[in-house]
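Descriptive analysis of the structure
What follows is each chain in one-letter form.
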Amino acid sequence: MCKDRDGVLRVLGLTSLTTHDKYLGLPMGLELLKCGLRRSICDGAQVWAFKDPWLPHPTSFKPIRRRIMIIVSEFILPSGARDVVKLQQGFLPMNVDIILSIPLARQAAKDGWCWHYDRDKVYNVKSGYLLACRGGCT
């Protein structure tokens, strides 16, 4: 349970719980939501490797280094395994370890979105509230 009610209100852009203030806090709530969303990788064809948030490490969910335009599927072999040599050439070792920890899809599916701060990867009010209690996306 979050004990710092005022801190949570500040993260959401609220100073009190009046109806007017609730609506003013919506943009801040949206920013809180955005900071926990990242791409989930299935086939890797819709996710840019260095532009999109997809690595399961906060706060940016993006790899450190290069700014080239390449999609994640370029690092997946036709067999469905990862191309470790290509990963090591394109990413820092710490990023390669994170990428290798991401489970590969067992069946063909398109990439999607997930909420990083929940075990089931689905946004819920409780996980958003806990993130706000921790100070949001700092």
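Bear in mind that the values here come from a model prediction, so they are computed numbers and not experimental data. (Residues numbered from 1 in each chain as written. Predicted model: local features only at pLDDT ≥ 70, side-chain atom pairs only at ≥ 80, totals over all residues. Heavy atoms only, no water.)

**Comments concerning the overall build of the protein chain**
Tallying secondary structure elements over the protein chain gives six helices and two strands in all. Beginning at the N terminus, the succession of helices and strands in the protein chain can be written as α-α-α-β-α-α-β-α. Taking the contacts inside the protein chain whose residues are at least 6 apart along the sequence as the reference set, 52% of them involve residues at least 24 apart. Surface exposure of the protein chain reaches about 8,800 Å², of which carbon and sulfur atoms provide 60%. (Helix = DSSP H or I, 4+ residues; strand = E, 2+ residues; numbered from the N terminus. Contact = heavy atoms within 4.5 Å. Areas by Shrake-Rupley, 256 points an atom, 1.4 Å probe, with all protein chains shown as cover.)

**As for the environment of Asn 95**
You can see Asn 95 is positioned in helix H5 (residues 93–101). Each C-alpha atom, one on Asn 95 and one on Ile 64, is 7.3 Å from the other, the two residues being 31 residues apart in sequence. The contacts of Asn 95, once residues within four sequence positions are left out, are Leu 55, His 57, Pro 63 and Ile 64.

**Focus: H5**
All of the buried residues along H5 are Asn 95, Val 96, Ile 98 and Ile 99. Looking straight down H5, one finds that the buried residues subtend no more than 165 degrees of arc, so they occupy a single side. The exposed set on the far side of H5, more than 90 degrees from its buried face, consists of Pro 93, Asp 97 and Ser 101. Considering only its buried residues, H5 is in contact with helix H4 (84–90). (Buried < 20%, exposed > 50% of the residue type's maximum accessible area, 1.4 Å probe, protein only. Arc of directions from axis to C-beta.)

**Examining the pattern of salt bridges**
Under the counting rule described, the total for this entry stands at two salt bridges. Residues Asp 120 and Arg 119 are paired through a salt bridge, measuring 3.8 Å at the closest nitrogen-oxygen approach. Take Asp 120: its relative accessible area is 53%, and that puts it in the exposed class. Arg 119 gets classed as exposed once you look at its relative accessible area, which sits at 75%. (Salt bridge = Lys/Arg side-chain N within 4 Å of Asp/Glu carboxyl O.)

**Here's the deal with the state of the cysteines**
The final tally for this structure, using the stated rule, is zero disulfides. Cys 42 carries a free sulfur, and the closest cysteine sulfur to it, the one in Cys 114, is 9.7 Å from it. (Disulfide = S-S within 2.5 Å.)

**Here we look at the packing of aromatic side chains**
Enumeration according to the criterion identifies five aromatic pairs in this entry. Plain terms: the ring middles of Trp 54 and Phe 91 are 6.4 Å apart, the flat faces sit at 75 degrees to each other, and that makes the pair edge-to-face. Here the residue Trp 54 occupies a position in the loop between strand S1 (37–40) and H4, and Phe 91 occupies one in the loop between H4 and H5, the gap between them amounting to 37 residues. Exposure class is identical for Trp 54 and Phe 91. Each is buried. (Phe/Tyr/Trp six-rings, centres within 6.5 Å; stacked < 30°, edge-to-face > 60°.)

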